[in-house]
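# An overview of the molecular structure
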Amino acid sequence: MLEVKDLHVTVEGSEILKGLNLTIGAGEVHALMGPNGAGKSTLSAVIAGKDGYEVTSGSITFEGRDVLEMEIEERAQAGLLLGFQYPVEIPGVKNIYLLKAALNAQRAARGEDEIPAPEFMKLVKEKVGFMKMDASFLQRAVNEGFSGGEKKRNEILQMLVLQPKLAMLDEIDSGLDIDAMKVVADGVNSLRGEDKGILLVTHYQRLLDYIVPDHVHVLVDGRIVKSGDADLARELESRGYDWVVEDSAA
Ligand code: ADP
Ligand code: MG
Ligand code: MG
């Protein structure tokens, strides 16, 4: 589904990703872990098409298409979605309008008609309930005055409505209490499916007790230096990252 090959990325003149390789198949959940500053957020931002990153060599393909040739909106419409891809705060734009506009843009890209209003309301209400959010949320401006936990829930709500083929979620557990984290994890788990991939960027293992990944990768200094299954995340939790760095240097 997604194939990243020997990716080199520069930010403001310094090389952040230094030959990164990653393949995500349909139906797979991949966790990307690693110390602060390793380049985890850079990778998801580059895949999503955010500004400010220069790809100096390597390739990214998604379902056979050259991602680097696609505009940011095209990527989202192709089903490649980063949480909070949409602006963090949009003053005056109600949450529900953004959701509807994003969903209709996706449908238009597939040659489908706009979603009928009653169908949309039914869908959104179901997902809002699933995320244990108050319906009044939908009428508030996007992320305006949202707490950290509300932003995270809203990020997952967006994913549940848009059902991307590949969902990329960056540090969705940060700042959440345990109950909120379980709701967020349930939301992510409900996205799992045979035809879908998930890239979960996380610094801590805790989230992976609730969203058990099929593959775990450790990113250190711009490269994936170790890959394994869920056990690797547990090993990192008890041993830290230093041993991986030392092993990879040896
Ligand atoms: P991680 O998510 O693994 O903590 P990041 O991808 O956020 O790491 O950052 C990797 C490195 O790139 C860091 O050294 C960071 O300071 C640098 N970096 C990331 N984004 C920018 C930016 N917009 N401008 C300058 N440096 C950046
Ligand atoms: Mg290289
Ligand atoms: Mg980060």
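Residues numbered from 1 in each chain as written. Chains lettered and ligands numbered in written order. Predicted model: local features only at pLDDT ≥ 70, side-chain atom pairs only at ≥ 80, totals over all residues.

Further remarks concern the sheet that holds strand β9 (residues 166-170). One open sheet holds the six strands; their spatial order is β6-β9-β10-β3-β11-β12, and the pairing between them is mixed. Two strands lie at the open edges of the sheet, namely β6 (80-82) and β12 (223-228), each paired on one side alone. Averaged over all pairs of adjacent strands, the angle between their axes in this sheet comes to 20°, without regard to strand direction. Most of the contacts of helix α1 (residues 40-48) go to β9, to which it runs at about 145°, and overall it touches β3 (29-33), β6, β9, β10 (197-201) and β11 (215-220). (Pairing = 2+ DSSP bridges. Helix = DSSP H or I, 4+ residues; strand = E, 2+ residues; numbered from the N terminus. Axes fitted to C-alpha atoms, helices over the stretch in contact; angles between N-to-C directions. Contact = placed C-beta atoms within 7 Å.)

To continue, consider the sheet that holds strand β1 (residues 2-11). Strand pairing in a sheet relies on backbone hydrogen bonds. The paired strands run either parallel or antiparallel. The antiparallel open sheet is built from four strands, whose spatial order is β2-β1-β4-β5. Two strands lie at the open edges of the sheet, namely β2 (14-24) and β5 (65-66), each paired on one side alone.

With that settled, consider the environment of D179. Within the secondary structure layout, D179 lies in helix α6 (residues 178-191). When the C-alpha atoms of D179 and M70 are compared, they prove to be 38 Å apart, with 109 residues separating the residues in sequence.

Positive phi values are uncommon outside glycine, yet D6 reaches one of about 40°. One can find D6 in strand β1. Residue class for D6 comes out partly exposed when judged on the 13 C-beta atoms lying within 10 Å of it. (Buried ≥ 20, exposed ≤ 12 C-beta atoms within 10 Å, placed from the backbone.)

Ligand 1 sits among V11, E12, I16, G34, N36, G37, A38, G39, K40, S41, T42 and G52. Of all the elements, α1 adds the most residues to the shell around ligand 1, at three residues. Looking at side-chain class alone, the shell around ligand 1 contains three nonpolar, seven polar and two charged residues. (Near = placed C-beta within 6 Å. Nonpolar A, V, L, I, M, F, W, Y, C, P; charged D, E, K, R; others polar.)

What follows concerns the environment of L98. As for its placement among the helices and strands, L98 is situated in helix α3 (residues 95-109). What makes L98 partly exposed here is the crowd of 19 C-beta atoms within 10 Å. Spatially, the C-alpha atoms of L98 and K226 are 39 Å apart, while their sequence positions differ by 128 residues.

Another aspect to go through is the nonpolar core. Counting 61 residues, the largest nonpolar core has L32, I47, L166, M168, L199 and L200 as the members making the most contacts within it. In this view, I47 contacts I60, V67, L80 and M168; residues no more than four positions away in its chain are not counted. (Core = buried A, V, L, I, M, F, W, Y, C linked by C-beta atoms within 7 Å.)

Quick look at the pairing of β1 now. Here β1 runs beside β2; their pairing, made up of eight bridges, is antiparallel. If you follow V11 over to β2, its bridge partner there is S14. Connecting β1 to the antiparallel partner β2 that follows it, the hairpin turn spans two residues, and E12 within it adopts a positive phi of roughly 45°. Of the strand pairs in this sheet, β1 and strand β4 (residues 54-62) are connected by seven bridges, and their pairing is antiparallel. Note on β4: the bridge partner recorded for V4 is I60.

So, about the confidence of the model for the protein chain. Residues of the protein chain with pLDDT of at least 70 account for 96%, and the chain-wide mean is 91. Across the protein chain, the secondary-structure element scoring lowest on mean pLDDT is strand β7 (residues 90-94), at 75, and the one scoring highest is β1, at 98. For this predicted complex, the interface score ipTM comes out at 0.92, while the overall pTM is 0.92. (pLDDT = per-residue confidence, 0-100.)

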